[in-house]
Each structure stands twice: as C-alpha cells, then as structure tokens.
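So the chains spell out like this:
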Amino acid sequence: MMGPSHALSGAAVWLTGSWALDQFADYHQTPLALAVGTAVCAGGALFPDLDLSGKVTRNQGGATVARTFGVFSLFVAEVMEKISLGVYYATKLSKDPRRNNGHRTLTHTIPFTVLVGWGTTALCAHYGKWAVVGILFFMIGLALRGLFDEWAERAGWVVVTLVSAAAAWFTFANLPGDRGYPMIGLAMGVGCFVHILGDMITRAGVPILWPIPIRRRMWTMVGLPNKIALRTGSKAETVVLRAALTVLAVLAAVGLVAPSVLQRFDIQV
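Only a predicted model underlies this, so the values are computations on that prediction, with no experimental measurement involved.

### What about the environment of T113?
Okay, step 1: Its place among the elements puts T113 in helix α4 (residues 110-127).
Okay, step 2: For T113, a relative accessible area of 7% gives the class buried.
Okay, step 3: With 27 residues separating them along the chain, T113 and I140 place their C-alpha atoms 19 Å apart.
Okay, step 4: Here T113 is in contact with G189, C192, F193 and I196, once residues within four sequence places are set aside.

Shown next as structure tokens:
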C-alpha cells in the first residue's frame, strides 16, 4: 500500500475510534487532543516503512516516510533498513529466503508495534512536554507527507520541516503541563498496527506472526491470496479505498465536532 493510503487509514481509524469512545464510553477529548491524536496516528501509520531506504547522497528514492525530512530521514531509513536486515538474518531459519534489503521485516511485526507504542509512552512519561514536542514534530511531518502528498512533493522537505516544527511548537505551548500523555503512545501503536493490516491486504503480505516459527520459517509472509489481494497503486487503492477512508474520516470528525458547535451556538436538534 502506498504512503498516502497508509496515512489516511491511520487518520480514519483514530477519528472513528475517538467517535466510538465519545459515544459509548463517554470519553471526551478537546479539539487539540483530537488533532494531535489524529496526526500522530496518521504519521504512525507511515512509520513502519522507515525500513525502505533510498539514496541518501542523491536525496532520492525510499518510501514516503524516508523522504519527509530530506537527507536526514533518508539516513535514518538507511540505518533502520540495515538493522531490520540484520535482525532478519540473525533470526532466519533454513526455509527463509535470502534477502538483500530489510523492507517488510522487523518494522512490520507486532513486537515492533508494541515496542513503539510503549517506548513513546515511556518517553512522554519521563520527559514530559519536551519529549512530546519532538515526537509531534516527527509525526506531524509524516502525517503532512502522507495526507498531503502532492503538496509536500511540490513544497519540498524544507517547507514540510518548518510547518512541522511550527505545528509541534504550537501544540507544545497549548498542551497541559502534566506528564504522561498516554494517548500519544497509543496513537503511535495503533498507527503502526493499521499499517501492518494495510500491507496484509496486498500481495506481498507481512511477517505478522514473527517470531513464531512455522515449518522451519521464522519470517512467514501473511496476506490475502493474490486473486483478491490489493495491488499497490491500483485504482482499487488510489480511488476506491481512499474514497472510503475519506468518507469514514469526515463522518467521524463531523460526529465529534458537531455536538460542541451546536451547543456553542445554543442550537437544539
């Protein structure tokens, strides 16, 4: 699945989940908290593709996430790709094939998703708002790069970086002063998991069962059969799927915002 589809799926899932919590668990969030959670989940839904590196010296190639901050994010992606490939070879069994890159290995697993969610929560709990501003800067950048792909491509990574920094600082200035912010860690974890589910409906699949060995393979790719699997970049993804996710996100956002707007203007329905 392509980057914009991943980011849109993260935003749609977070908004829908927030609406469900609001309706059935009486869990209300401020508009700022909703915006932060949505951005982090959208960015988190791109994060696992940090294992697809490009050409650092030429500022080319790589996944959407790798191109977000120019050569800096391309370098991080290069490091992550090598780490993922190293973990693959350190844990592979006799039936696992040889690979020359680490894409769709370590970062596309449940343990990685749990680690990212837990690590984000731990950082926010320990360092408070200073950790939050760093995480938001990175995640907002990914969200912008995914949700507004064509604009980000035209604007360039410098503009994306500046907008991300400004949005992160604004959020930092308006967040409550207490420590914790567990919803940010949850949004990161949910975003990564949504990414894995998105790749599972494509032909290549993901090693979601790792590290469980199956028939002398540690990295068994799990996905839909080729006959019904989604082809990356096809009309089914770029038109049908994205349209459905957009409608879902908009409906959930309206359901969350409309009651407070009506109440503010004292409108009875």
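### Details of the packing of aromatic side chains
Okay, step 1: Inspection of every chain in the model, using the stated rule, returns 11 aromatic pairs.
Okay, step 2: Consider the rings of F72 and W157, whose centres lie 5.6 Å apart with planes at 70°: the pair is edge-to-face. In this pair, F72 is assigned in helix α3 (residues 71-91) and W157 in helix α7 (residues 157-174), connecting sequence segments 85 residues apart.
Okay, step 3: We classify F72 as exposed; its relative accessible area is 54%.
Okay, step 4: Centroid distance Y88 to Y89: 5.4 Å. Interplanar angle 85°. Geometry classified as edge-to-face.
Okay, step 5: Ring-pair connections join several aromatic residues into one group, and the members of that group are F47, F69, F112, F137 and F138.
Okay, step 6: Over the ring of Y88 we find R99; its NZ or CZ atom is 5.5 Å from the centre of that ring.
Okay, step 7: One residue, K129, lies across the ring of F172, its end atom 4.7 Å from the ring centre.

### Here we look at the pattern of salt bridges
Okay, step 1: All chains considered together, the criterion is met by 7 salt bridges.
Okay, step 2: Across the pair K82 and E78 runs a salt bridge whose closest N-O atoms are separated by 2.6 Å. Of the two residues, K82 and E78 are both situated in helix α3; the distance of 4 residues between them amounts to about one turn of the helix.
Okay, step 3: Here R217 ties to D96 by a salt bridge, and the two come within 3.6 Å at their closest N and O atoms. On the criterion of sequence distance, the pair formed by R217 in the loop between α8 (182-200) and α9 (235-264) and D96 in the loop between α3 and α4 is long-range, its members being 121 residues apart.
Okay, step 4: Judged by its relative accessible area of 29%, R217 falls in the partly exposed class.
Okay, step 5: According to the relative accessible area criterion, D96 is buried, its value standing at 4%.
Okay, step 6: Ionic contacts of the salt-bridge type, sharing partners, join the residues E78, E81 and K82 into one network.

### Description of the nonpolar core
Okay, step 1: Ranked by size, the top nonpolar core spans 39 residues in total, and within it V40, F47, V132, L136, M139 and I184 carry the most contacts.
Okay, step 2: Counting only elements with at least two residues in this core, the list comes to α1 (3-24), α2 (31-44), α3, α4, α5 (129-147), α7 and α8.
Okay, step 3: Not counting the four nearest positions on each side in its chain, I184 is found in contact with V36, V40, T120, C124, V132 and I135.
Okay, step 4: Counting residues in each nonpolar core, the second largest holds 8 residues, with L8, L34, L245 and A252 among its members.

Analysis parameters
- Residues numbered from 1 in each chain as written.
- Predicted model: local features only at pLDDT ≥ 70, side-chain atom pairs only at ≥ 80, totals over all residues.
- Heavy atoms only, no water.
- Helix = DSSP H or I, 4+ residues; strand = E, 2+ residues; numbered from the N terminus.
- Buried < 20%, exposed > 50% of the residue type's maximum accessible area, 1.4 Å probe, protein only.
- Contact = heavy atoms within 4.5 Å.
- Phe/Tyr/Trp six-rings, centres within 6.5 Å; stacked < 30°, edge-to-face > 60°.
- Lys NZ or Arg CZ within 6 Å of the ring centre and 35° of its normal.
- Salt bridge = Lys/Arg side-chain N within 4 Å of Asp/Glu carboxyl O.
- Core = buried A, V, L, I, M, F, W, Y, C linked by side-chain atoms within 4.5 Å.

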